[in-house]
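These are the residues of each chain, in order.
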Amino acid sequence: MTNLTPGVQNAMHCDSVDGLCTGSGAGHGLLALQARVTAATPSKWRDGIVRSAAADGWVSIAPLDSDELVWVWHHRDLSDALLPGSPVALHSLYHALAIGSERINVLVAIA
């Protein structure tokens, strides 16, 4: 991703203690409330296919219900776990990504 707004760049800053992320914003740790609300709103999950995943945390997803391409960011490198063609689900309200049974908090880039 290029041409990021300052707000997106600030959200992508990751502070760590002993190598562990201490962030709780978009793209960092999944909050307990976020886990609860995503579980309580199953109709808001959108199935998709990973198009690409980069070491800098950016992942492009092609939702199955549209022709758009959605870009999300997570502070960890997900490129080993999210190979092109991998199925995922993106929560359309609460910015969580489902990778199998794992749920992670993501920053969703608005085009």
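Residues numbered from 1 in each chain as written. Predicted model: local features only at pLDDT ≥ 70, side-chain atom pairs only at ≥ 80, totals over all residues. Heavy atoms only, no water.

**Q** Please clarify how the overall build of the protein chain should be interpreted in this entry.
**A** A tally of regular secondary structure across the protein chain gives two helices and nine strands. Starting at the N terminus and ending at the C terminus, the protein chain contains elements arranged as α-β-β-α-β-β-β-β-β-β-β. Residues counted as buried form 34% of the 111 residues belonging to the protein chain. For the protein chain, long-range pairs separated by at least 24 residues make up 53% of all intrachain contacts whose partners lie at least 6 apart in sequence. In the structure as shown, the protein chain presents an accessible area of about 6,500 Å², 55% of it carried by carbon and sulfur atoms. (Helix = DSSP H or I, 4+ residues; strand = E, 2+ residues; numbered from the N terminus. Buried < 20%, exposed > 50% of the residue type's maximum accessible area, 1.4 Å probe, protein only. Contact = heavy atoms within 4.5 Å. Areas by Shrake-Rupley, 256 points an atom, 1.4 Å probe, with all protein chains shown as cover.)

**Q** Would you mind going over the nonpolar core with me for this structure?
**A** When a protein is soluble and globular, its nonpolar side chains tend to lie buried together. The biggest cluster of nonpolar side chains holds 14 residues, and the ones touching the most others in it are V59, V72, L82, V88, L97 and V106. Among the elements of the structure, β4 (58-63), β5 (70-73), β6 (87-91) and β7 (96-99) are those that each provide at least two residues to this core. Excluding residues that lie within four positions of it along the chain, L97 makes contacts with W45, I61, L82, V88, A89, L90, E102, R103, I104 and V106. (Core = buried A, V, L, I, M, F, W, Y, C linked by side-chain atoms within 4.5 Å.)

**Q** I'm lost on the sheet that holds β5 in this one. Help?
**A** Within a sheet, each strand pairs with its neighbour through backbone hydrogen bonds, oriented either parallel or antiparallel. The strand order β8-β7-β6-β3-β4-β5-β9 describes an open sheet built from seven strands, whose pairing is antiparallel. The sheet terminates laterally at β8 (102-105) and β9 (107-109), the two strands that pair on one side only. Averaged over all neighbouring strand pairs, the angle between strand axes comes to 35 degrees, with direction disregarded. Across two bridges, the pairing between β6 and β7 is antiparallel. Residue L90 lies in a different strand from β7, and its bridge partner there is L97. (Pairing = 2+ DSSP bridges. Axes fitted to C-alpha atoms, helices over the stretch in contact; angles between N-to-C directions.)

**Q** I'm lost on the environment of D47 in this one. Help?
**A** Secondary-structure assignment places D47 in strand β3 (residues 45-53). Sequence separation between D47 and A98 is 51 residues; the distance between their C-alpha atoms is 9.1 Å. In this structure, D47 is in contact with P63, L64, V88 and A89, ignoring residues within four places of it in sequence.

**Q** Mind showing me how you'd approach unusual backbone geometry here?
**A** Phi is mostly negative for residues that are not glycine, and the peptide bonds are mostly trans. A positive phi angle is found at H95, which is not glycine, with a value near 50 degrees. H95 gets classed as partly exposed once you look at its relative accessible area, which sits at 32%.

**Q** What's the story with the confidence of the model for the protein chain in this structure? I'm lost.
**A** Any segment with low pLDDT has predicted coordinates that should not be analysed in fine detail. Scored by pLDDT, the protein chain has a mean of 83; 77% of the residues are at 70 or more. Within the model, pLDDT remains below 50 along residues 5-11, and this stretch shows seven contacts once partners closer than five positions in the same chain are excluded. (pLDDT = per-residue confidence, 0-100.)

**Q** Even after reading the chapter, I still don't get the environment of V88, so can you show me in this structure?
**A** Looking at the element boundaries, V88 is found in strand β6. V88 sits 26 residues away from A62 along the chain, and the two C-alpha atoms are 9.6 Å apart. Look past the residues within four positions of V88 in its chain and what remains in contact with it is R46, D47, G48, V50, I61, L82, L97, A98 and I99.

**Q** How do you make sense of the pattern of salt bridges when you look at a structure like this?
**A** Once their charged atoms are close, side chains differing in charge can pair, the charge on each being opposite to the other. Per the counting criterion, the structure on display carries three salt bridges. Among the ionic pairs, R46 bridges to D65, the shortest N-O distance being 2.9 Å. Of this pair, R46 sits in strand β3 while D65 is found in the loop between β4 and β5, placing the two residues 19 residues apart along the sequence. For R76, the salt bridge is made with E102, and the minimal N-O distance between the two is 3.5 Å. With R76 in the loop between β5 and β6 and E102 in strand β8, the pair connects residues that are 26 residues apart, well separated along the chain. Judged by its relative accessible area of 36%, R76 is partly exposed. What makes E102 partly exposed here is its relative accessible area of 35%. (Salt bridge = Lys/Arg side-chain N within 4 Å of Asp/Glu carboxyl O.)

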